[in-house]
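Each chain, letter by letter, is given below.
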Amino acid sequence: APPFAASWEGALLVPRYGQYHFELTAEGGHARVLLDGQSLVEADDGQAQAQRTLAGGFYGFEAEFISGDAPQRLRLAWSGPDFGLQAVGAGALYTLPGAANGLVGYYYSNPNWSGTPALIQRDLFILPNNPLREPFSILWTGKIAAPRAGHYRFGTRSDDGSLVYVDGQLVVDNGGEHGSEYREGSIQLTEGFHGIEVRYFQMGGSREMQLWWAPPGGGQEIIPSQYLFPLEEVPEGLELPELVVAPPVPTLEKIPVEQEIAPAPVEQPAVSLAPDLSVLELPLLWQMGRCGSGKAEFQMPRGVAVDAEGNVYVADADNHRVVKLNADGEPLLTWGKEGEGDGQFIEPFDVVVDSLGNVVVLDAVAQRLQRFTPEGKLMAAFGRAMAFYRPRGLGTDAQDNLYIADTGGVRLIKLSPDGVRLMQVGGPEERIGPGQPTDVAISPAGEIYLVEAMSGTLWWLDAAGTVLGRWQVAQANTLDSPHVAVGPKGRVYVTDPEGGRVLVFTADGQPLGQFGSLGDGSGQFRKPVGIAVGADGKVVVSDSHGCRVVAFGTLE
């Protein structure tokens, strides 16, 4: 009963750069709305308005209301570059930790950061995002928090070039057209906030961009977004985040683990991975594709799936479509085009086939799922309400439940076949997730295998999400990311994009061997990403930078 007070916290998703108008109505009380902790609009028993120029992306959102004795109406409305005045609805509000962090990205349709940006958005993670056609460039700006004074090392691993400036000083020069290269530099910083500018350009071909640091007393790590702020000026009262000392970058050594608290099962020690495993001789059945947009052509093929008849479905990401091949690799049909409407895709990244033969496609940029018949007829579109952030991997179990590796959301989500959330595993403060999960697969026994790209870890979970074990695979970026599949007899297959190979394990993580190698020859890969294993044991792999799909005979 009134009087009362209420507050809400979360994230506001701004669709794109532009001018936004806000109207706050608070009848019979006092209300205030904050973005990134700063007051946006405040109303006292009436209506108040505010204007802001905002970049696209997520903002920290807070709303407060203190009622009088007779509260009547509380409403927040907004208008933007593409829409008229309307209530701020569920489609714009999310529960996303860290929404006030990251940097502002300016995206250019040229490789030299010149002219008017084609896109301006806030990015939680510094990645080789690809909303533009190659060649393109990205300029990220903002502030970086130095939690303590001392010597800081910064580095980038990029393909093509990248530069890092701190307080206007060039610290990392990784410029030029080249493949994946790591370079670093160092600078002495005082405690506090410092200006940072990160430049990246891409001429064509493979893409990679990682931003690293080693703060005083800490190990080398990808810079966590909690230390990055999309600000031109630091507001008064903004607190420095504490320095969480990172361990050294994961190597191929054994990973120490803790035991689960009873009555959960005890997690087994992590299985280490030898750099070179024994070579497995899998017969090459066929390979199909070349770079292009026509029939039998692909542009950055990512996820693959195999149905009960052996047909293969390919998420042809940069062609914004799904390609269906028969069991011999011959093209049967394609569907989809670029767009956000029903049956359209921005970046189809992964695909699965359910027990009825229907095809579910995960769109990483549209951040939703679509279900189609085997002939490509749309049946349903869902998932936006889950507030995914650049999800890269999709799996399914015998009951047709769906499992999403929510890469930017650093978590695993389980949905019922009709899209109801059943389970979440991981998160920013959890053991699972911060390594950025990029794919998930379910074994015939219902166990879950979740691979993280940045940490190079494969997690082994039971059906309830309890950790059974983990083992080291290979690190990669989240675009050309490791994917995982489980064969009919429980063997686990993981792609190693940077190593040009596929790793094979027993169900409990013991290495069995590897197949494939870097190259353009038969059975070789430039960047193996997607992988699927058919009911007959046939292994299908997408080579994203080779623009082809390769099928091997059974190991099962």
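Residues numbered from 1 in each chain as written. Predicted model: local features only at pLDDT ≥ 70, side-chain atom pairs only at ≥ 80, totals over all residues. Heavy atoms only, no water.

### Here's the deal with the side chain of asparagine 101
With respect to the helices and strands, asparagine 101 occurs in the loop between strand S7 (93-94) and strand S8 (103-108). At a separation of 3.4 Å, a polar atom in the side chain of asparagine 101 contacts the main-chain carbonyl oxygen of glutamine 226. Once you skip the residues sitting within four places of it in the chain, asparagine 101 turns out to touch Leu124, Ser225, Gln226, Leu228, Phe229 and Pro230. (Helix = DSSP H or I, 4+ residues; strand = E, 2+ residues; numbered from the N terminus. Polar contact = N/O pair within 3.5 Å; in protein donor to acceptor, adjacent residues only side chain to side chain. Contact = heavy atoms within 4.5 Å.)

### Considering the sheet that holds strand S30 (residues 411-415)
Taken in spatial order, the 4 strands line up as S28-S29-S30-S31 in an open sheet, and their pairing is antiparallel. Bordering the open sheet on either side are strand S28 (393-396) and strand S31 (421-425), each of which pairs with just one other strand. Each strand axis lies, on average, 20° off the axis of its neighbour in the sheet, ignoring direction. Bridge analysis of S28 against strand S29 (residues 402-406) gives 4 bridges, and the strand direction is antiparallel. In the sheet register, leucine 394 faces S29, and the bridge partner there is isoleucine 404. (Pairing = 2+ DSSP bridges. Axes fitted to C-alpha atoms, helices over the stretch in contact; angles between N-to-C directions.)

### What about the pattern of salt bridges?
Per the counting criterion, the structure on display carries 20 salt bridges. Close ionic contact of aspartate 318 with arginine 207 constitutes a salt bridge, the shortest N to O distance being 3.1 Å. Here aspartate 318 is found in the loop between strand S21 (312-316) and strand S22 (321-325), whereas its partner arginine 207 is found in the loop between strand S15 (192-202) and strand S16 (208-214), with 111 residues between them in sequence. With a shortest N-O distance of 2.8 Å, arginine 321 and aspartate 316 are connected by a salt bridge. Of the two residues examined, arginine 321 and aspartate 316, each falls in the buried class. The structure contains a network of salt bridges with shared partners spanning Glu134, Arg207 and Asp318. (Salt bridge = Lys/Arg side-chain N within 4 Å of Asp/Glu carboxyl O. Buried < 20%, exposed > 50% of the residue type's maximum accessible area, 1.4 Å probe, protein only.)

### Comments concerning the packing of aromatic side chains
Scanning the model with the defined rule gives 23 aromatic pairs in all. Considering the side-chain rings of tyrosine 152 and phenylalanine 154, the 6.4 Å spacing of their centres and the 20° angle between planes classify their relative orientation as stacked. For the pair tyrosine 152 and phenylalanine 154, one class covers both residues: buried. Residue phenylalanine 154 is classed as buried on the basis of its relative accessible area, which comes to 0%. The ring of tryptophan 113 has arginine 199 sitting right over it, with the charged end atom 5.1 Å from the ring centre. Directly above the ring of phenylalanine 349 sits arginine 392, whose terminal nitrogen or CZ lies 4.9 Å from the centroid. (Phe/Tyr/Trp six-rings, centres within 6.5 Å; stacked < 30°, edge-to-face > 60°. Lys NZ or Arg CZ within 6 Å of the ring centre and 35° of its normal.)

### Points about the domain arrangement of the protein chain
According to the domain assignment, the protein chain contains domain 1 (4-94), domain 2 (103-229) and domain 3 (284-552). Domain 1 and domain 2 are separated by 32 Å when their C-alpha centres are compared. Across the domain 1 to domain 2 interface the summed buried area is about 490 Å²; carbon plus sulfur atoms make up 58%. Taken together, the connections running from domain 1 to domain 2 amount to 1 salt bridge. When grouped by side-chain class, the residues that make up the side of domain 1 that touches domain 2 number 4 nonpolar, 2 polar and 1 charged. (Domains from an automatic or database assignment. Buried area = accessible area lost by both parts, 1.4 Å probe. Nonpolar A, V, L, I, M, F, W, Y, C, P; charged D, E, K, R; others polar.)

### Here's the deal with the state of the cysteines
Summed over the entire model, instances satisfying the criterion amount to 1 disulfide. Across a sulfur-sulfur distance of 2.0 Å, cysteine 291 and cysteine 547 are joined as a disulfide pair. Its S-S torsion of approximately 80° makes the covalent link between cysteine 291 and cysteine 547 right-handed. Linking cysteine 291 in the loop between strand S19 (284-288) and strand S20 (301-306) with cysteine 547 in the loop between strand S41 (539-543) and strand S42 (548-552), this pair joins segments that are 256 residues apart in sequence. Classification of cysteine 547 as buried rests on a relative accessible area of 3%. (Disulfide = S-S within 2.5 Å.)

### Let's talk about unusual backbone geometry
In the segment running from glutamate 134 into proline 135, the intervening peptide bond is cis, with an omega of 0°. Assignment of secondary structure puts proline 135 in the loop between strand S9 (119-123) and strand S10 (136-146). With an omega of 10°, the peptide bond running from aspartate 159 to aspartate 160 counts as cis. Looking at where aspartate 160 falls in the secondary structure, it is placed in the loop between strand S11 (150-159) and strand S12 (162-166). Located in the positive-phi region is aspartate 167, a residue other than glycine, with phi close to 50°. Inspection of the secondary structure assignment puts aspartate 167 in the loop between S12 and strand S13 (169-174).

### Details of the nonpolar core
The biggest cluster of nonpolar side chains holds 29 residues, and the ones touching the most others in it are Ile126, Trp140, Phe154, Val198 and Ile223. Ranked by residues supplied to this core, first place goes to S10 with 6 residues. Ranked by size, the runner-up nonpolar core spans 27 residues in total, among them Leu40, Tyr59, Val88 and Ala92. (Core = buried A, V, L, I, M, F, W, Y, C linked by side-chain atoms within 4.5 Å.)

### A short note on the environment of aspartate 543
Mapped onto the fold, aspartate 543 is located in strand S41. Along the primary structure aspartate 543 and glycine 500 are separated by 43 residues, whereas in three dimensions their C-alpha atoms are 9.0 Å apart. Once you skip the residues sitting within four places of it in the chain, aspartate 543 turns out to touch Pro301, Gln524, Phe525, Arg526, Lys527, Pro528 and Arg548. At a separation of 2.9 Å, a polar atom in the side chain of aspartate 543 contacts the main-chain amide nitrogen of arginine 526. A polar contact is formed between the side chain of aspartate 543 and the backbone nitrogen of lysine 527, at a distance of 2.8 Å.

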